[in-house]
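The chain contents come next:
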Amino acid sequence: MDTAPENQTAENQAPGDDEAPEVEPLLAPADGVPPVLSTAAEFADAARALAAGEGPIAVDTERASGYRYSQRAYLIQIKRRGAGSFLLDPIADPEALTPVIDALRGPEWVLHAADQDLPCLRELGFECVELYDTELAGRLLGLAKVNLAAMVAQFLGLGLLKGHGAADWSRRPLPDDWLNYAALDVEVLVELRDAMDAALAESGKDGWAREEFAYVLSRPPAPPRTDRWRKTSNIHTVKSARALAAVRELWTAREELAERRDVAPGRVLPDTAIVNAATVDPKSNNELTRLPIFGGPRQRRQAGIWLSALQRARELPESELPDRKTTGPGLPPVSRWDQRNPEAAARMQKVRPALKEVAENHTLPVENLLAPDVVRQLCWDGLDEPVTPEAVDAHLAAAGAREWQRRLCVDPLAEALRDAGPAGNQGTGE
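Residues numbered from 1 in each chain as written. Predicted model: local features only at pLDDT ≥ 70, side-chain atom pairs only at ≥ 80, totals over all residues. Heavy atoms only, no water.

Regarding the packing of aromatic side chains
Each aromatic ring pair is summarised here by two numbers: the centre-to-centre distance and the angle between the ring planes. Per the stated rule, a full pass over the model turns up six aromatic pairs. Between tryptophan 109 and phenylalanine 126, the aromatic rings sit 6.4 Å apart at their centres with planes inclined by 70 degrees, giving edge-to-face as the arrangement. Note that tryptophan 109 is positioned in strand β6 (residues 108-111) and phenylalanine 126 in the loop between α3 (114-123) and β7 (130-133), a separation of 17 residues in sequence. Overall, phenylalanine 126 belongs to the buried group, its relative accessible area being 4%. Here the aromatic rings of tryptophan 169 and tryptophan 178 are separated by 5.4 Å at their centres, their planes lie at 55 degrees, and the arrangement is tilted. Tryptophan 178 carries the same exposure label as tryptophan 169, and that label is buried. Over the face of the ring belonging to tyrosine 132 we find arginine 193, whose NZ or CZ atom lies 4.6 Å from the ring centre. Of note, arginine 402 hangs over the ring of tyrosine 215, and the distance from its end group to the ring centre comes to 3.7 Å. (Phe/Tyr/Trp six-rings, centres within 6.5 Å; stacked < 30°, edge-to-face > 60°. Helix = DSSP H or I, 4+ residues; strand = E, 2+ residues; numbered from the N terminus. Buried < 20%, exposed > 50% of the residue type's maximum accessible area, 1.4 Å probe, protein only. Lys NZ or Arg CZ within 6 Å of the ring centre and 35° of its normal.)

Here it is as structure tokens:
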């Protein structure tokens, strides 16, 4: 399980979160670490046991982010009351997972940070019909820390053994201590779900949680990002359009090589080497291999790939060079709105404090009260009609805001937009 970002702002800190709870170390699963299953017969036995169990099913995956290009699951952990725990290796024979997939279709899944695990499970054919996301539940409760270990400590008084989340899970065989770590990730996940559900009900937020869980399952995948090469570290140091083209060509060559070899791009060639080569623009093998990193044995073997990429950048006509300024889709940073869309800036100045107050009153992170992208788009566009709660509600609904969010936000947003004056209605239309 990859570690999810934490919301650590003081205003969203739940009572008692500032004191670390006393915990009992949870060093191993109660029934021991289950064996790793990898054959069709083993998967079929596991499926029968899972189907005979009861209640929600705890599910987790381990990937090899930072080591592999793909985000496939290299280990699947499952636990259900009355069935026990299972560690599944999906690599050798993924088609044989069908009985397990069938057994898991229907019961509620308990995941921690579902956005991390659902894509790779869907890639294998797993289908989640009903979801409970403990990490998202923690955000709705306004917890200061929402990683699994912190929440297990707070709600169950147990200390999870951690330390291998960023390991290379494509390695075979997997070390025993890694498997112990993996099994612990689902050991008490259902118990955590039950404790959190009670806390949500007590705070009147259980209905909010159900809406959020359903939304996670139903929303379409995010569209692919354009110009991903512009995320290269330290690209801001590249000054000319020609050098930017070199970054783009080197990045693309690296991406193709990484995908073909299923190796994380940074392990094929670090960003620092891309930026350095694009800036220096070596024109021969000797010039390239004198640069840091490129002089190693592996990079010497791949020198032709990088030199060809640099040559392509040199040969591009001026009309095909990338713009030095980012021109991709999406809105400009809010810090530039004063110049680009003053009406939108005026709206944002009123909307931000209004939403912050609502979030604080309900012990919520403001980003969970209403998605930042939705807020920015509303402020940028304004409304095509007079500012009324009904108009704001329609705008939010069209943007995907859930009913509970609209119920909390519509009136404060309408008031804030009206306070912005004429800017509350449609702005420049840029």
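Here's the deal with a positive patch on the surface
The grouping of Arg260, Arg261, Arg267, Arg298 and Arg301 at the surface amounts to a positive patch. Elements with a minimum of two residues in the positive patch: α9 (241-261) and α13 (297-301). Inspection of the secondary structure puts arginine 260 in helix α9. (Patch = residues over 30% accessible without salt bridge, like charges linked within 9 Å, V, L, I, M, F, W, Y side chains within 5 Å. Areas by Shrake-Rupley, 256 points an atom, 1.4 Å probe, with all protein chains shown as cover. Salt bridge = Lys/Arg side-chain N within 4 Å of Asp/Glu carboxyl O. Lys, Arg positive; Asp, Glu negative; His and termini not counted. Charge placed at Lys NZ, Arg CZ, Asp CG, Glu CD.)

Quick word on α9
Compared with an ideal rise of 1.5 Å per residue, which puts 21 residues at 30 Å, α9 spans 30 Å between its outermost C-alpha atoms and is within 8% of the ideal. Downstream of α9 by one or two residues, aspartate 262 has phi in the positive range, about 55 degrees. (Expected span 1.5 Å × (residues − 1).)

Here's the deal with empty space enclosed by the protein
As enumerated under the stated definition, the model contains one cavity of 30 Å³ or more in all. Lining the largest cavity we find Ala58, Lys79, Arg80, Arg81, Val186, Glu187, Val190 and Glu191. Every element with two or more residues in the lining of the largest cavity is listed here: β4 (75-81), α6 (176-187) and α7 (189-202). (1 Å grid on protein atoms, 1.4 Å probe; cavity = no way out; pocket = protein on both sides within 12 Å on 5 of 7 lines; lining within 4 Å. Points joined across faces, edges and corners; volume = space filled by probe spheres on them.)

Re the pairing of β6
Here β6 shows a buried face lined by Glu108 and Val110 and a second buried face lined by Trp109 and Leu111. Across two bridges, the pairing between strand β3 (residues 54-62) and β6 is parallel. Residue isoleucine 57 lies in a different strand from β6, and its bridge partner there is tryptophan 109. Across four bridges, the pairing between β6 and β7 is parallel. Across the sheet, residue tryptophan 109 finds its bridge partner in β7, namely leucine 131. Between β6 and its parallel partner β7, the chain crosses via α3, and the hand of that crossover is right-handed. (Pairing = 2+ DSSP bridges. Right-handed = clockwise from strand over helix to strand, strands pointing away.)

Points about the nonpolar core
Grouped together as the largest cluster of nonpolar side chains are 89 residues, with contacts concentrated most on Leu104, Phe126 and Leu396. Excluding anything up to four places from it in sequence, phenylalanine 126 contacts Ile76, Leu97, Val100, Ile101, Leu104, Trp109 and Leu121. Counting residues in each nonpolar core, the second largest holds 31 residues, with Ile235, Ala246, Leu257 and Ala303 among its members. (Core = buried A, V, L, I, M, F, W, Y, C linked by side-chain atoms within 4.5 Å. Contact = heavy atoms within 4.5 Å.)

Considerations on the pattern of salt bridges
Per the stated rule, a full pass over the model turns up 25 salt bridges. For glutamate 318, the salt bridge identified is with arginine 242, shortest N-O distance 3.2 Å. With glutamate 318 in the loop between α14 (303-315) and α15 (337-340) and arginine 242 in helix α9, this residue pair connects regions lying 76 residues apart in the sequence. Glutamate 318 gets classed as exposed once you look at its relative accessible area, which sits at 62%.

A look at the state of the cysteines
In a disulfide, the sulfur atoms of two cysteines are covalently bonded to one another. Within this structure, the stated rule accounts for zero disulfides. Not engaged in a disulfide, the cysteine cysteine 120 finds its nearest cysteine sulfur in cysteine 128; these two sulfurs lie 13 Å apart. (Disulfide = S-S within 2.5 Å.)

Quick look at α3
Structurally, the α-helix is built with 3.6 residues per turn, so residues lying three or four positions apart point the same way. For α3, the set of buried residues is Ala114, Asp117, Leu118, Cys120 and Leu121. Looking at the buried residues of α3, the elements they touch are β3, β4, β6, β7 and α8 (206-218). A positive backbone phi angle near 105 degrees is found at glycine 125, which sits one or two residues after α3.

Some thoughts on the sheet that holds strand β5 (residues 84-88)
Taken together, six strands build an open sheet; the order of strands is β2-β5-β4-β3-β6-β7 and the sheet is mixed. One side of each edge strand has no neighbouring strand; the edge strands of this open sheet are β2 (36-37) and β7. Alignment of β2 against β5, held across two bridges, turns out to be parallel. Looking across to β5, one finds that leucine 37 is bridged to leucine 88. Contacts from α6 reach β2, β3, β4 and β5 within the one sheet, and its direction differs from that of β4 by about 40 degrees. (Axes fitted to C-alpha atoms, helices over the stretch in contact; angles between N-to-C directions.)

Observations regarding the side chain of aspartate 262
As for its placement among the helices and strands, aspartate 262 is situated in the loop between α9 and α10 (265-268). Although aspartate 262 lies buried, it forms no salt bridge, and the closest oppositely charged side chain, arginine 68, sits 4.4 Å away as judged by the N-O distance. Those residues in contact with aspartate 262, other than ones at most four positions away along the chain, are Tyr67, Arg68, Tyr69, Ser70 and Tyr74.

Comments concerning a negative patch on the surface
A grouping of Glu390, Asp411, Glu415 and Asp419 is seen on the molecular surface, where their side chains present a negatively charged patch. Per element, the largest residue contribution to the negative patch is three residues, and it comes from helix α20 (residues 403-419). One can find aspartate 411 in helix α20.

Looking at the side chain of aspartate 281
Mapped onto the fold, aspartate 281 is located in the loop between α11 (271-280) and α12 (285-289). A polar contact of 3.2 Å, which involves the side chain of aspartate 281, links it to the side chain of lysine 283. Within the structure, the side chain of aspartate 281 is placed 3.0 Å from the side chain of arginine 314, a separation counted as a polar contact. (Polar contact = N/O pair within 3.5 Å; in protein donor to acceptor, adjacent residues only side chain to side chain.)

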